[in-house]
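Listed here are the chains, written in short residue letters.
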There are 2 protein chains.
Amino acid sequence: MNTGVNLKELAAELKLSPSTVSRALNDSYEISEATKKKVISMAEKLNYQPNPFARSLRENKSKTIAVVIPERMSSFFSKVVDGIEEITQQYGYHLLVYSTHEDVDREKKIVNLLMNGRADAIIMSVSSQTSDISHLTRLHERGFPLVFFDRICSDIPTTKFITNDYESGFEGTKHLIQQGCRKIAFLMLSKELSITKDRYRGYLDALKQAGLSPEPQLNITCCQEEEENIESIRKLLDGPNRPDGILSSVEKLALATYHAVKRTHLRIPNDIKIISFFSNLSIASLLNPSLTTITQPAFNIGEECAKLLMKKLTKPRQPDLPNQVITIPSNITIRSSTIVV
Amino acid sequence: MNTGVNLKELAAELKLSPSTVSRALNDSYEISEATKKKVISMAEKLNYQPNPFARSLRENKSKTIAVVIPERMSSFFSKVVDGIEEITQQYGYHLLVYSTHEDVDREKKIVNLLMNGRADAIIMSVSSQTSDISHLTRLHERGFPLVFFDRICSDIPTTKFITNDYESGFEGTKHLIQQGCRKIAFLMLSKELSITKDRYRGYLDALKQAGLSPEPQLNITCCQEEEENIESIRKLLDGPNRPDGILSSVEKLALATYHAVKRTHLRIPNDIKIISFFSNLSIASLLNPSLTTITQPAFNIGEECAKLLMKKLTKPRQPDLPNQVITIPSNITIRSSTIVV
DNA sequence: TTGTATGCGTTATCAG
DNA sequence: CTGATAACGCATACAA
């Protein structure tokens, strides 16, 4: 739908050849300042816009990054994408954003679609259902630049950005123990997720250090149906083996927990204390009682992913993305959900 | 970074001409079933992926829609984008998503960037700062398909999707009046926004119908700084002309109001009742007290925008998008923030 | 039914 | 310093 002039027409108007005009606009050293000026002013006058597809075809790059996230309605992922955009925009890159809705099949379709080169790189966080990663391996083996954040694939040798999941899980659990909890539940989206594993290890080690033994019944694996999750948690709370503390490994399960607690006679923090990985600080302090949070540096994670990619994509002959995990620490903010006054 | 085979190579492998292969893959009627089968299976075997840019250049369309929203961290906009994606994905379209961060200058830059044809259409909701709309007029005058939702530009003759803003403002205000409110404040992001105007008209008419006179001091125009907004609202609440009801025209200002109330000695709903346009139902019922909401059909609005565009873009010789406003109604859910028990 | 030739709009190579 | 020409990968008009 680009109805504007093209290079040839612009050149005709200037009585110059297309190649000269192209070089002038690209600020080539072989063009005189005089003609550069003429060309640029005429281009502005006619509002010349280079056709991005011709350019992409020619240069074999799209100036586009694909971002693949499990869900849009999440303050964490929203902030990460904001962080990515903040950087990529400065380099004139565009963002294709896809949500997998936590569905591996959709994730596979999206990733396979992306193999055709529509984007120059992918920044992604895998779905909670993802265990078979062949679609991602294939992508990476083809040399496609791929960066993971938060929910990463350890087996794929590329750069990953995470927060200090283990330590945060450890410290969060330790905080609950210090507040008197002895039976601490762990809420997760899926056992497969990297964040689940790391946060859970931290949880286990904190229990161990305190001489507490983990109880399998206190590990709740949730699903995509909010109502179902609320009921799972409510049953735990109403059951014979009621926990006195909860560590939620993701934001939405903390909200589900609040809903579940409302359906019981329990009081937070007196009967049950709650801490959660949580990005929406404004909401955390409005919850009743306000929620003790482990805040992931979402925006910053997005920025770092993008900076790394911009460096790789905009400089000539960059090496492959190194196989390393970069950790940006979270902050624990203690609020009323874990402190009895 | 498309390292796969191209049409020519695929054709060579098959000992056919590129054009035959192209036609076979595009299911042309002039190709025999036998060769179609052969071509398709070889294409799969070699994992042939057509180059999207060559195709875009040739066909002068990108199979890409640009979505421009004022902010990502909003349940309303997240759901709209989800709704858009739900439809466009079925048609094999991709989504470029841009956030203006409520900044006209960024909005202008994005829109101007989009004029080069990188996307086949734009779905957008304008920033709260947008009053000069020349960038959008120019786009539309060039024949670029443009659809507005929620925060629309009435002056641009294209299709717009909104909720029943006037009625919802009216009914919301009426509800407050029925609950005994006599001094009702109206919170908005900006006087320029279409949603502000319509919701405000509804508010005014409801006051009028009840014989109440509007008071300019009860209209609060907010900004992008949450803390500043909270303080503006707190001052209103602590001031001599304290309202007994609040109609918030956007989600984030309802949250700011809850923060503000926490800084006063007032109680919701006894001293002040609150109703708000609000999309995040899970949060609404967790707030303390739970928030009476006017829920916009966000996902549905996204779907409708996308359906309209898909129809226009995928069928040959479609007329221009008609100049009309399509309204999808909101639902009011009464919760504790407006009902004294 | 299949093959040949052309052009989409750019940039790069090569000549002048 | 500037111009002519080719090529990127694909789809189509035209030819066979």
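Residues numbered from 1 in each chain as written. Chains lettered and ligands numbered in written order. Predicted model: local features only at pLDDT ≥ 70, side-chain atom pairs only at ≥ 80, totals over all residues. Heavy atoms only, no water.

Tell me about the side chain of S290 of chain B, residues and numbers included.
All names here are of chain B. Within the secondary structure layout, S290 lies in the loop between α12 (281-286) and β10 (292-295). Taking relative accessible area as the criterion, S290 reaches 13% and is therefore assigned buried. Engagement of the side chain of S290 in a polar contact is seen with the backbone nitrogen of S336, the distance being 3.1 Å. Filtering out sequence-adjacent residues up to four positions away, S290 remains in contact with Y258, A284, S285, R335, S336 and S337. (Helix = DSSP H or I, 4+ residues; strand = E, 2+ residues; numbered from the N terminus. Buried < 20%, exposed > 50% of the residue type's maximum accessible area, 1.4 Å probe, protein only. Polar contact = N/O pair within 3.5 Å; in protein donor to acceptor, adjacent residues only side chain to side chain. Contact = heavy atoms within 4.5 Å.)

Could you give an account of the sheet that holds strand β7 (residues 219-221) of chain A, naming the residues involved and the relevant values?
Residue and element names in this part refer to chain A. If you walk across this open sheet you meet the six strands as β7-β6-β8-β9-β10-β12, and the pairing is mixed. Bordering the open sheet on either side are β7 and β12 (331-333), each of which pairs with just one other strand. Neighbour to neighbour, the strand axes of the sheet diverge by 15 degrees on average, direction disregarded. Here four bridges tie strand β6 (residues 184-188) to strand β8 (residues 245-248), and the two strands are oriented parallel to one another. Along β8, the bridge assignment pairs L187 with S248. (Pairing = 2+ DSSP bridges. Axes fitted to C-alpha atoms, helices over the stretch in contact; angles between N-to-C directions.)

Run through the protein's contact with DNA strand D, naming residues and quoting values.
The full set close to DNA strand D counts 25 residues, and T20 of chain A together with L7, Y48, R55 and R58 of chain B are the nearest of them. Each atom of DNA strand D within 4 Å of the protein was assigned to sugar, phosphate or base; sugar and phosphate come to 63%. Within the side chain of T35 of chain A, a nitrogen or oxygen atom sits 3.0 Å from a phosphate oxygen of DNA strand D. Take S22 of chain B: an N or O atom from its side chain is 3.0 Å from a phosphate oxygen of DNA strand D. (Near = heavy atom within 4 Å.)

Requested: an account of the packing of helix α1 (residues 7-14) of chain A against helix α2 (residues 18-25) of chain A, with residues and values cited.
All names here are of chain A. At their nearest, the axes of α1 and α2 sit 8 Å apart, and the two run at 100 degrees to each other. Regarding the angle of α1 to α2, the classification is roughly perpendicular. Contact residues: α1 offers L7, K8, L10, A11 and L14, while α2 offers P18, V21, S22 and L25. Classifying every residue of the contact of α1 with α2 gives seven nonpolar, one polar and one charged. (Parallel < 35°, antiparallel > 145°, perpendicular 65-115°, else oblique. Nonpolar A, V, L, I, M, F, W, Y, C, P; charged D, E, K, R; others polar.)

Give a detailed account of the pairing of strand β2 (residues 94-99) of chain B, specifying residues and quantitative values.
Consecutive side chains along a regular strand alternate between the two faces of the sheet. Residues and elements named next belong to chain B. Of all six residues in β2, six are buried; the element is thus mostly enclosed. Judged by which residues are buried, β2 turns out to be covered on both faces: H94, L96 and Y98 on one side and L95, V97 and S99 on the other are all buried. Remark: the strand β1 (residues 64-69)/helix α5 (residues 75-90)/β2 crossover connection has right-handed handedness. (Right-handed = clockwise from strand over helix to strand, strands pointing away.)

Residue-level account of the side chain of T64 of chain B, with values.
Mapped onto the fold, T64 of chain B is located in strand β1. Look at T64 of chain B and you get buried, because its relative accessible area is 5%.

Break down the packing of helix α8 (residues 165-178) of chain B against helix α9 (residues 194-209) of chain B for me, with residues and values.
Pairs of packed helices are described in terms of their axes, by the angle between the two and the distance that separates them. All names here are of chain B. Between α8 and α9, the least distance of the axes is 7 Å, while the angle of their chain directions is 40 degrees. The orientation of α8 with respect to α9, classified from their angle, is oblique. The handedness of the crossing between α8 and α9 comes out as right-handed. The segment α8 lies against α9, with D165, Y166, G169, F170, T173, K174 and I177 engaging I195, D198, R199, R201, G202, Y203, D205, A206, L207 and Q209. (Left-handed = near helix turned anticlockwise from the far one by under 90°.)

Keep in mind these values describe shape, not function.
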